[in-house]
Amino acid sequence: MAIIQGILVILFSAWMVLDQQGLVLTTWFPIMAALFVGLIMGDMKTAMVIGGTFQLMALGVANIGGSSVPNWGLASLVGIYVAIRTTHNIADAKAVALAVGVPVGMLGIQLDVIAKLLNTYVTHAAQKAMNEGKFKKMNRIFWIGPLIFSLSTALPTALCVIFGKQIVSQILAVVPKWFTNGLSIAGSLLPVVGIVLLLQVMPVKKYLSMLILGYVLSGYLNMPILGVSLVGLAIAYYYFTTNMEKSAAPATKKTEMILMNKVLTKKDIRQAAFRYMFMACNTFNYENQQGPAVVFGLNKALRKIYPNDEDYKASLNNHFKYFNTTTWMGNLLLGASLAMEEKDGTNSLEAVQSFKTGMMGPLAGIGDTLVWVLYPTIIGSISAYMGLQGNPTGAIIWLLLNIFFLFFRFKLFDIGYDSGLKLVTALGDKLSVFTEAASIMGLTVVGALIPSVVKMQVALVFQTGKVKMPIQTQILDQIMPALLPVLLTFGIYKLISGKKLTVIQIIFGLIIVSLICSYFGILKVPA
């Protein structure tokens, strides 16, 4: 049974990165990884508690624009596997998961960089085969990209599966209690990093009142995260409807692109959408980024448009050029690009490239905010909060939502194709209002996270004569609920915004401080 579990965990780790780089069912997020690993290992409660801890660390961490960030999903996966195999209570499991998972998550940065560097050579080989007229060979070469990315997570997972239990068991036998307590304390503090990273990319100054509202609802009124989210949603909905009414333009007659030489079927368009969505960043490299994925996605449909080899090569070489946007928004752009080429053939190539280049940046600005920051923040926070209580409901709902959005993204490709370039230029104002409304809700949730998930408890007791006064409950909590988490959040925010320390330095700094405070009895493991 243990062998089968290990194999399934390794296979899931390979799938996680393919999903992250392609279909975006978000199974690579820590809480989602916990859901599946918990099923594999038969211990859902421990898995969800660990996954919730890592999920809160991952808030605001997204590899936007091709950046390489700690792989907290991989950290959660290997941490859960090793913890369940070596410990028998949740407190020790969290400490083990952090000890094993954090270094593996950091290693994910280097492995991601290596994978993207190797994909540069894959892209060159594929383009060379295409220019030689070896189109089937080109398509086969593209599959090396997903293989490289899957190995970047499967290999470290395999090492942890094979050697993790023995190493951790030996370590736990000699590690003192203050050390494991220190790691548990660190696990309660590290979510502050994800919260601060979110605040860095959200309009905090503009909507500071919403951040404070979320804190008050959670800290003073003890409202659950879901309740705070509903309050934020109500305010966001009011903002959205009010501003949409103000900016509503007079109705205009719907215009559609008339395709004079329509050769593509509905099946061709759906196939192009799926191929791009799967490969989106699985061939990502530092030279032309998503360009190879565009070629992989559209080349079957383009072949029907261009039966002549030279015209086909000209189109593919045009799509091999630099392209990078939020993959959801990419469906709109590529659907429209396909329609333009179907209508005007090679005469449209310059216009297609200009259209893609001009629109990918603005749409990425909107898409990155909505898809990679606000949506995972809101639903990820709720899922993590439930996960810390051993409850997988939030993760299951998140997964079902992502399956729905997968089909919605097919529709986006259809909309782009049916409406052509007129569509994308008409969306700007509406998307801006929606983004602002989502920010209002997001900041309300983030405000509630500070007192509810960042736990920092002082163990010291003030004593004078026979009077004993716990500093945490009778002094700090009387001044303001979650006073220390608020001060910690403010301090980390200043450090990151002032670029005085890197995120990695802050993470390791918090771990070291937690160990020191545990050794001297200054902080204790939160109840």
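Just so we're clear, the structure is a prediction, and the values are computed from it rather than from any experiment.

A. Structural view of the nonpolar core. Counting residues in each nonpolar core, the largest one holds 164 residues, and the members touching the most others are Phe54, Trp72, Met138, Ile195 and Leu338. If we skip the residues at most four places from it in the chain, methionine 138 touches Ala126, Ala129, Met130, Val295, Asn299, Leu316 and Phe320.

B. Region of interest: helix α5 (residues 90–131). Spanning 42 residues, α5 covers 57 Å between terminal C-alpha atoms, matching the ideal 62 Å at 1.5 Å per step. Maximum bend of α5: about 30°, positioned at glycine 101, with proline proline 103 one to four residues after it. Following α5 by one or two positions, glycine 133 adopts a phi angle in the positive range, close to 80°.

C. Highlighting the pairing of strand β3 (residues 467–470). With four bridges connecting them, strand β2 (residues 461–464) and β3 associate as antiparallel partners. Bridging from a neighbouring strand, threonine 464 pairs with valine 467 of β3. Following β2, the chain reverses through two residues before pairing antiparallel with β3; glycine 465 in that reversal takes a positive phi of roughly 65°.

D. Just the packing of helix α1 (residues 2–21) against helix α2 (residues 30–41), in detail. Two numbers describe how α1 lies on α2: the axes approach to 10 Å, and their chain directions differ by 165°. What the angle tells us is that α1 and α2 run roughly antiparallel. For the pair α1 and α2, the crossing hand works out as right-handed. Taken together, the residues of α2 that come into contact with α1 (itself represented by Gln5, Leu8, Val9, Phe12 and Met16) are Ala33, Phe36, Val37, Ile40 and Met41. Here the residues of the contact of α1 with α2 sort into nine nonpolar, one polar and no charged.

Rules behind the numbers
- Residues numbered from 1 in each chain as written.
- Predicted model: local features only at pLDDT ≥ 70, side-chain atom pairs only at ≥ 80, totals over all residues.
- Heavy atoms only, no water.
- Core = buried A, V, L, I, M, F, W, Y, C linked by side-chain atoms within 4.5 Å.
- Buried < 20%, exposed > 50% of the residue type's maximum accessible area, 1.4 Å probe, protein only.
- Contact = heavy atoms within 4.5 Å.
- Helix = DSSP H or I, 4+ residues; strand = E, 2+ residues; numbered from the N terminus.
- Expected span 1.5 Å × (residues − 1).
- Bend = angle between axes of the 7 residues up to and from the residue.
- Pairing = 2+ DSSP bridges.
- Axes fitted to C-alpha atoms, helices over the stretch in contact; angles between N-to-C directions.
- Parallel < 35°, antiparallel > 145°, perpendicular 65-115°, else oblique.
- Left-handed = near helix turned anticlockwise from the far one by under 90°.
- Nonpolar A, V, L, I, M, F, W, Y, C, P; charged D, E, K, R; others polar.

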